[in-house]
Amino acid sequence: MTSSVIEARRTPGTVATPRAWRGVAAAMFVIAWGGNEFTPLLVMYKNHGLSVTTVDVLLFDYVLGIVPALLIGGPLSDRFGRRRLMCPAPFIAAAASLLLAVGADSVAMLSIGRVLSGVALGLAMAVGGSWVKELSQPPYAAAAAVGTGARRSAMSLTAGFALGAGIAGVLAQWAPWPHSLPYLVNVALCAVGAAWVLRVPETVVRASNPGRLRDDLRIPSPGHRRFLGVALPVAVWVFASVGTAYAVLPTLLAGKIHSLQIGFSALLTVLTLGCGFLIQSVARRIDRPGVARIATLALVLVTAGMVLAAVAATTLTLWIALIAAAVLGSGNGIGLVAGLQEVERIAAPADLAGLTAVFYSVCYIGFGLPALLAFLNQTTGLGYPVMLVAGAVVALGCLAVVLRNYRAKIETS
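Conventions used here
Residues numbered from 1 in each chain as written. Predicted model: local features only at pLDDT ≥ 70, side-chain atom pairs only at ≥ 80, totals over all residues. Heavy atoms only, no water. Helix = DSSP H or I, 4+ residues; strand = E, 2+ residues; numbered from the N terminus. Buried < 20%, exposed > 50% of the residue type's maximum accessible area, 1.4 Å probe, protein only. Contact = heavy atoms within 4.5 Å. Areas by Shrake-Rupley, 256 points an atom, 1.4 Å probe, with all protein chains shown as cover. 1 Å grid on protein atoms, 1.4 Å probe; cavity = no way out; pocket = protein on both sides within 12 Å on 5 of 7 lines; lining within 4 Å. Points joined across faces, edges and corners; volume = space filled by probe spheres on them. Nonpolar A, V, L, I, M, F, W, Y, C, P; charged D, E, K, R; others polar. Core = buried A, V, L, I, M, F, W, Y, C linked by side-chain atoms within 4.5 Å. Domains from an automatic or database assignment. pLDDT = per-residue confidence, 0-100. Axes fitted to C-alpha atoms, helices over the stretch in contact; angles between N-to-C directions. Parallel < 35°, antiparallel > 145°, perpendicular 65-115°, else oblique. Left-handed = near helix turned anticlockwise from the far one by under 90°. Phe/Tyr/Trp six-rings, centres within 6.5 Å; stacked < 30°, edge-to-face > 60°. Salt bridge = Lys/Arg side-chain N within 4 Å of Asp/Glu carboxyl O.

(A) Quick peek at the overall build of the protein. Each helix and strand counted, the protein has 17 helices and 0 strands in total. Within the protein, buried positions represent 60% of all 413 residues. Sequence-distant contacts, at least 24 apart, represent 85% of the contacts inside the protein between residues at least 6 apart. If you sum the accessible surface of the protein, you get close to 15100 Å²; carbon and sulfur atoms cover 69% of it.

Dropping the structure here:
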């Protein structure tokens, strides 16, 4: 990578303060809100005639926007600066929510809206996450503990995911215009986030001789043993776990809820992500540099959560589903912090956004799990309990990989 984080480069109207990171975090929050407001409405779309597989594919569609935005946006922000890549993201998120608000009867419009939500979220994660990290350390703020930026990024995103889903579910269940109002709320919030992030100072100075763009897109750190042996096995389950909790379980238990299906879906989503948010503040106390302690804990929780989800799918018991969602959400929260902190420790400054992008790209592939399970259920008849147990076995395999690399040496690229 040819660009590097060197010093403040103030642009007109920006203010460098120790709290400047909050503007980026606010933009990340509203974008995450928009990315997850669709989730509790899955049951609503299924009840209005869309097949389970179609709706789960729509859930996955925003990965088609996330991954390119992550892989290209992160390295480009290392080259051209954080502001140029991050400031448009809230506007893209607002456009996505508008499409979702007016496209309830069109799978094509819903799909385009979901992809645009993914583009915005990919930029927020790769570019915004790197920006928050840089604004959380000198010269923009006092020296802080290692991983402070990663925790701030993770908590901003998780809070947005949880509140966006919760409020969208409540509005769709009890408020008028259930297909539109939840998304219009996000449009208003995106306007606030866009105004705030425009005040944040740049942290990247463009190199006088930047070299070839192709070189900027090359990220050396994914081959690092610590990334392959610790961050990657955790990334596989970061969003596969929550996808199971709030895309699979509400569908399986819909017959037990009757008229409150959307509200119950929102409850599961908020519980899942709320547990993930709360446990992130605990992860700092558990973490120890040089060992994969919190990565190990994350995969233990995911494995236990998948087993509980299998039990809930077998018995169709609501309280077991709620416990499964809480455990899976906790695994998600700790796993997200674990992976981001490994990335911070591994990556050189000019490689940070790119490696963050790779990590998040792997995370979001996990959102394909609900669609995969729906497809296998239709074509093979295995049934969700068997498939969820198989998922627990895969999580155990990932745990074994992390334990094998528990004390792998950290060297920046």
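Moving on from the model shown.
(B) Seen up close, the layout of surface pockets. Of the volumes computed, that of the largest pocket is approximately 260 Å³. Contributing to the lining of the largest pocket are 16 residues, with Trp237, Ala240, Leu369, Gly391 and Val394 lying nearest its centre. Those elements that place two or more of their residues in the lining of the largest pocket are helix H10 (225-252), helix H15 (352-365), helix H16 (369-380) and helix H17 (384-404). Of the residues forming the lining of the largest pocket, the biggest block, 5 residues, is contributed by H17. Of the residues in the lining of the largest pocket, the class split is 14 nonpolar, 2 polar and no charged.

(C) Layout of the nonpolar core. Residues Met86, Leu121, Phe359 and Tyr364 are the most contacted members of the largest nonpolar core, which totals 123 residues. Residue-level mapping places this core at the junction of two domains, with at least three residues from each of domain 1 (19-202) and domain 2 (221-412). Those residues within four positions of leucine 121 in sequence are excluded, and the remaining contacts are Ile31, Ala32, Tyr62, Ile66, Leu157, Phe161 and Tyr364.

(D) Region of interest: empty space enclosed by the protein. On inspection of all chains with the given rule, the structure shows 2 cavities of 30 Å³ or more. Quantified by volume, the largest cavity comes out at close to 100 Å³. Looking at the largest cavity, it is lined by 13 residues, and the ones nearest its centre are Gly129, Ala150, Leu340, Glu344 and Thr356. Of all the secondary structure elements, the ones that give two or more residues to the lining of the largest cavity are helix H6 (107-135), helix H7 (148-174), helix H14 (318-346) and H15. Considering only residue class, the lining of the largest cavity consists of 6 nonpolar, 5 polar and 2 charged.

(E) Representation of the confidence of the model for the protein in the model. For the protein, per-residue confidence averages 86 on the pLDDT scale, and residues scoring 70 or more make up 88% of the total. Mean pLDDT values over the elements of the protein span from 65, in helix H9 (residues 213-216), up to 97, in helix H5 (residues 89-102).

(F) Representation of the environment of glycine 290 in the model. Within the fold, glycine 290 resides in the loop between helix H12 (261-286) and helix H13 (293-315). By relative accessible area, which is 29% here, glycine 290 ends up partly exposed.

(G) Highlighting the packing of H12 against H13. H13 packs onto H12 with a crossing angle of 135 degrees between their chain directions and a minimal axis gap of 9 Å. Our classification of the angle between H12 and H13 gives oblique. The two elements H12 and H13 meet at a crossing, and its hand is right-handed. Residues Ile279, Ala283 and Ile286 of H12 pack against Arg293, Ile294, Leu297 and Leu301 of H13. For the contact of H12 with H13, the per-class residue count stands at 6 nonpolar, no polar and 1 charged.

(H) Quick peek at the packing of aromatic side chains. Inspection of the entire model under this criterion finds 10 aromatic pairs. Where tyrosine 62 meets tyrosine 364, the ring centres are 5.6 Å apart and the plane angle is 90 degrees; that geometry is what we call edge-to-face. Residue tyrosine 62 is found in helix H3 (residues 52-80), and its partner tyrosine 364 is found in helix H15; the two are separated by 302 residues along the sequence. Given a relative accessible area of 0%, tyrosine 62 falls into the buried group. Residue classification places tyrosine 364 among the buried residues on the basis of a relative accessible area of 0%. Members of the aromatic cluster, connected to one another through ring pairs, are Tyr62, Phe161, Phe239, Tyr246, Tyr364 and Phe367.

(I) Inspection of unusual backbone geometry at higher detail. The residue tryptophan 177 is not glycine, and still its phi comes out positive at about 50 degrees. Looking at the element boundaries, tryptophan 177 is found in the loop between H7 and helix H8 (181-197). Note on tryptophan 177: relative accessible area 61%, which makes it exposed. Look at leucine 316: it is not a glycine, yet its phi comes out positive at around 55 degrees. Tracing the backbone shows leucine 316 in the loop between H13 and H14.

(J) Representation of the pattern of salt bridges in the model. One pass over the structure, following the stated rule, counts 4 salt bridges. Ionic pairing is found between glutamate 134 and arginine 82, a salt bridge with its closest N-O pair at 2.4 Å. In this pair, glutamate 134 is assigned in helix H6 and arginine 82 in helix H4 (residues 82-86), connecting sequence segments 52 residues apart. Note on glutamate 134: relative accessible area 2%, which makes it buried. Judged by relative accessible area, which is 0%, arginine 82 ranks as buried. Among the salt bridges present, the one from arginine 345 reaches aspartate 287, with a minimum N-O distance of 2.4 Å. On the criterion of sequence distance, the pair formed by arginine 345 in helix H14 and aspartate 287 in the loop between H12 and H13 is long-range, its members being 58 residues apart. One exposure class covers both arginine 345 and aspartate 287, and it is buried.

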